[in-house]
Amino acid sequence: MSFLLRQRIQLATVWRWKKRMEVPCCQCTTFSTISSNQDPIEIHKRKLLMWFNHLPKEEEQFGCLFSSETMHVAPLIIERRDEERAGLLQSPYQTQISSSHSLTEEQLFEPTNTWSEGRGLNVLLYGAVGTGKATIVRKLVLDWCKGTTMTRFKLLVPFSCEDLSQLSKVVSLRDLVGRKYLHLKKHPLLNGERDQAKDVLFLFNGMEKMQLDFRIGSSELCSDPNEPLPSHVIIVNLLRKYLLPEASILMVTRLSAVEYIPQKYVSRYAQICGFSDPDRQRAYFTSRLLQSEEAAHNQEAQTLIELLYLNLQSESQLAAACFLPSYCWLTCATLHLLHFTSAQAPIRTLTGIYTSFFRLNFGGEVLGTKTGTSVSIQDYHSSLMMYVVRTVGKLAFDGVMNKRTSFSDKELEQWIGGKTKTDEELHQLAMFQTDVLDFFLAPCVKSGKHLSKELFENDDKQYVFAVPAMQEYLAALYVVLGENKSALEKLTSQMSVAIGQASEDVSALVNILSKFVPLRLFAIFNLLKLVPKLYERMSSRNKGKIARTMAAEMFRTEDSYNEDVLDQVEQSLLGVHGPQPQKYDGSQPFELYPIFMGGLLQYSNRVLLKQLDCNIQSTTVVQITRALRKYLVRELSKPQPPEELMDLLVLLYEFQNPRLTEEVLSSIKSIRLTNIRMTSLKCFILSSVLSCTSSSYHLKELDLSSCFLTCNMLQMLGPALRHSHILNLQFNNLGPDSCILLRDLLLDPKTCLSSLQLCDNPLLDSGIRIMLEALPENQSLVYLSLMHTGLGDIGALELAERLQQHPGLQELNVAYNIISDKAAATLVDACREHPSIHTVHLYFNPITDEGKQSLYGRGVPINEGSNRWVKVLASVTEGSDISEDWHPILKVIQENASSWDRKRVKQQLKVFLQDLEWGRKMQQSFWKRLHFRKVQKSVQATLQILEKDSSSKETK
């Protein structure tokens, strides 16, 4: 009532001051001042365009170019005949499309066999949750405004039934239209005279929200559009064709409400069947993922669409889920997060996408208690989303706990409808099974890789969650909302609230009575105050269990062999092309479950969930966070594989709690993400998590070797790189452009970088020369590795000139490059004159034997007064002696041979063998010759391994 009163106050104010206000049509309340020379219908079209072009905030993630025109893909609409009405309530997955023909929006109002002259058509357009009802309504209204469809109607009047159901006062049809659209007040098309109403189309969206009663005793007959009536009576008379019989009506509703409207008042049934074929799905994905010109010419984006299309064509579980446009939206949003995250875009999380998905599909939705009554379950503060959590969420939680993803009909009946008792509960269950259950659970596609053997041996029909991550999200929501409490815990909670509210009043009364009746007996009532405190302690212990579960699920031993959780999400959408990833066992990993639990505690997600009547208390968040920090720190005291560390970073990112992140990271000294396939999202996560720490926080080592890093990813990682002493960027795809970023990193006064390893990156001379510009001002770098970076003579000479400008460098590795004798000699001379360099690596360069001998001589001091010398590693030998560092050289070769040019490596190893053979012959001592022989065997063993690997690859 307060909302309606506020609207009336706004009406008086706006009308008095002649201002124009614009409110979305979903609220159906707008006021404006219209000049006498303006066409009301043109004003109506302009305002509808403005209202219906307004898209939900969740669509902003697809870019500023998003619009309903450029990204609309029409769902399939099927006309249903009268004899098919028995199958109207079937699951959308079971729809027999071949038995009926498809319709376009324009064809919905073509005359039917039962149509009579002078009467408008009543079309009932229905569909399950997520099939695209709201999308069709939006597109139909926009196209009518632009004159591209429904041109037979001069006036389209859309109504939100959710808004109409809130009207408490009687109102006439003309006043109702004028109240919602002031510019249409007293419009002649609605006066009921002659047959003017034949040009009018009424659109009622969400008919399931109206409690319509077609009995004469409940809904009086009325043909006067000026007669005040309750809103539901107006709609009934419009459908009866008693009020404005020439007008046409389009009703949009859910599956369960189809039977609420008698068949004799429906001219045509049309069912929305979503995307029935992969081509529609591909068009939808292309419209969202390739909307901009940059994305359209992006090879990665094109490949992404192709992989997704291949997965849809393979009759995978994803293809069954994407039958519903809502799941196509979820798939697009997830892929957009995984592959198109940028530092400039607003922060998005995987949990946030799933929460927004539920808000888009279930925001404000409630379940009615009984047909024909005006009471809804909303009056008892229980939303449809809470019903989902208590039924489907309970099923999901049981599956996660027992490591199961498929469920039989009997199990669905047990978990979702097993405890219903009253008629109201049975009615709610029937509505839920008709409208919502198929939205979450789909018939199992038996090609799934995580299904149990019993599933293939048993002929019972099995169901799985349409998207695997949905099971983990609902299970996490079920736990975080406290729905997994025992009956005793729930009873204690209710008693605590009731007693806590009454304890103050009872205590006051006892204090008054005790003055007149001084009995010690009244002191017993003080025990009432202990009940809430006792429950608070029990509740805190329960939240501790949640935190302990999160930590335990994060670091399960059997999951440490799996890929990181973001790669698992991508594989569930795009499929696995090529060899299957190795698993510890054949069970489904539920590694998203604890991450979703953390993400649901994020403030923005709690705000969205509160709109769905799923309230997570702040005290709950505090208790879980406090306990979680302790358990995470305990687990991180043990060595963790790179995949588990990546999952931890994802958890901290999803949590979006800077204080918790800083406290957890303070216990981590090194982050080693070797062999993790880094993406833009993972780089953004690492950067965001480390940015939560103070400027004094430093990692001993940040290992990002073999992570497929590119220049764009390195730019995103910029803030994170400043926190490490040792930065390992070996075996990536960093080119000359990346050296600009590396130069800026070395010049950053906040950097504490002491070791920079850039082995196996094609930096080339041009890039290295750019990076060397930072040497004069950088004071922290001690070790620099440029091994196998394409460094040539020009770059080596530039490096020799710059070395004197950086007095802190101690070791330089330029092995396996293309440095010749002269440039190598100049570089060694510069290192010898340097105040702190003690070792330079030059092996695997095209240096002649004479050049190597010259290098060894140049490493010693030239002047007698100087004690500066530098160790030169050019081969496993130093003249006729064995180098002291022959073992580290061979170790480096063995570790990197798989990624290096095998032909060149084998050639260099043969040169080593020749040097060793020559040196062995030059030795007079038996023990020295024996030592030479030992080193020769090590080199020969390495050479044999390379030749064996090469021959096996050629055979394959």
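Shown above is the structure to which this text applies.
Residues numbered from 1 in each chain as written. Predicted model: local features only at pLDDT ≥ 70, side-chain atom pairs only at ≥ 80, totals over all residues. Heavy atoms only, no water.

Draft legend 1. Here's a closer look at the pattern of salt bridges. Inspection of the entire model under this criterion finds 28 salt bridges. Here Asp199 ties to Lys154 by a salt bridge, and the two come within 3.7 Å at their closest N and O atoms. Of this pair, Asp199 sits in the loop between α5 (173–180) and β5 (200–205) while Lys154 sits in the loop between α3 (133–146) and β4 (155–160), and the two are 45 residues apart along the sequence. A network of salt bridges, in which partner residues are shared, links Asp564, Asp567, Glu570, Arg677 and Lys682. (Salt bridge = Lys/Arg side-chain N within 4 Å of Asp/Glu carboxyl O. Helix = DSSP H or I, 4+ residues; strand = E, 2+ residues; numbered from the N terminus.)

Draft legend 2. Region of the structure containing the nonpolar core. Counting residues in each nonpolar core, the largest one holds 180 residues, and the members touching the most others are Tyr327, Phe440, Met470, Leu474 and Leu842. Ranked by residue count, the leading element in this core is helix α13 (residues 384–401), at eleven residues. Sequence-distant contacts of Tyr327, that is, excluding residues within four places in its chain, are made with Ala321, Cys322, Phe357, Phe439, Phe440, Ala466, Val467 and Met470. (Core = buried A, V, L, I, M, F, W, Y, C linked by side-chain atoms within 4.5 Å. Buried < 20%, exposed > 50% of the residue type's maximum accessible area, 1.4 Å probe, protein only. Contact = heavy atoms within 4.5 Å.)

Draft legend 3. The arrangement of the side chain of Asp143 in detail. Within the secondary structure, Asp143 is located in helix α3. Among the polar contacts listed, one links the side chain of Asp143 to the side chain of Lys139, at a separation of 2.8 Å. Dropping the residues within four chain positions of it, Asp143 is found in contact with Thr148 and Thr149. (Polar contact = N/O pair within 3.5 Å; in protein donor to acceptor, adjacent residues only side chain to side chain.)

Draft legend 4. Here's a closer look at the state of the cysteines. In this structure the tally under the stated criterion is zero disulfides. In this structure Cys322 is not part of a disulfide, and its nearest cysteine sulfur, from Cys328, lies 4.0 Å away. (Disulfide = S-S within 2.5 Å.)

Draft legend 5. Quick look at the packing of aromatic side chains. Within the structure shown, the criterion is met by 27 aromatic pairs. Between Trp51 and Tyr181, the aromatic rings sit 6.0 Å apart at their centres with planes inclined by 40 degrees, giving tilted as the arrangement. Residue Trp51 is found in helix α2 (residues 40–52), and its partner Tyr181 is found in the loop between α5 and β5; the two are separated by 130 residues along the sequence. We note that Trp51, like Tyr181, is buried. (Phe/Tyr/Trp six-rings, centres within 6.5 Å; stacked < 30°, edge-to-face > 60°.)

Draft legend 6. Structural view of helix α18 (residues 468–480). Along its 13 residues, α18 runs 19 Å from first to last C-alpha, staying within 8% of the 18 Å computed at 1.5 Å per residue. Counting buried residues along α18, twelve of its 13 residues qualify, which places the element largely inside the surrounding structure. For α18, every residue scored as buried is listed here: Ala469, Met470, Gln471, Glu472, Tyr473, Leu474, Ala475, Ala476, Leu477, Tyr478, Val479 and Val480. Count one or two residues on from α18 and you reach Gly482, which has phi positive near 80 degrees. (Expected span 1.5 Å × (residues − 1).)

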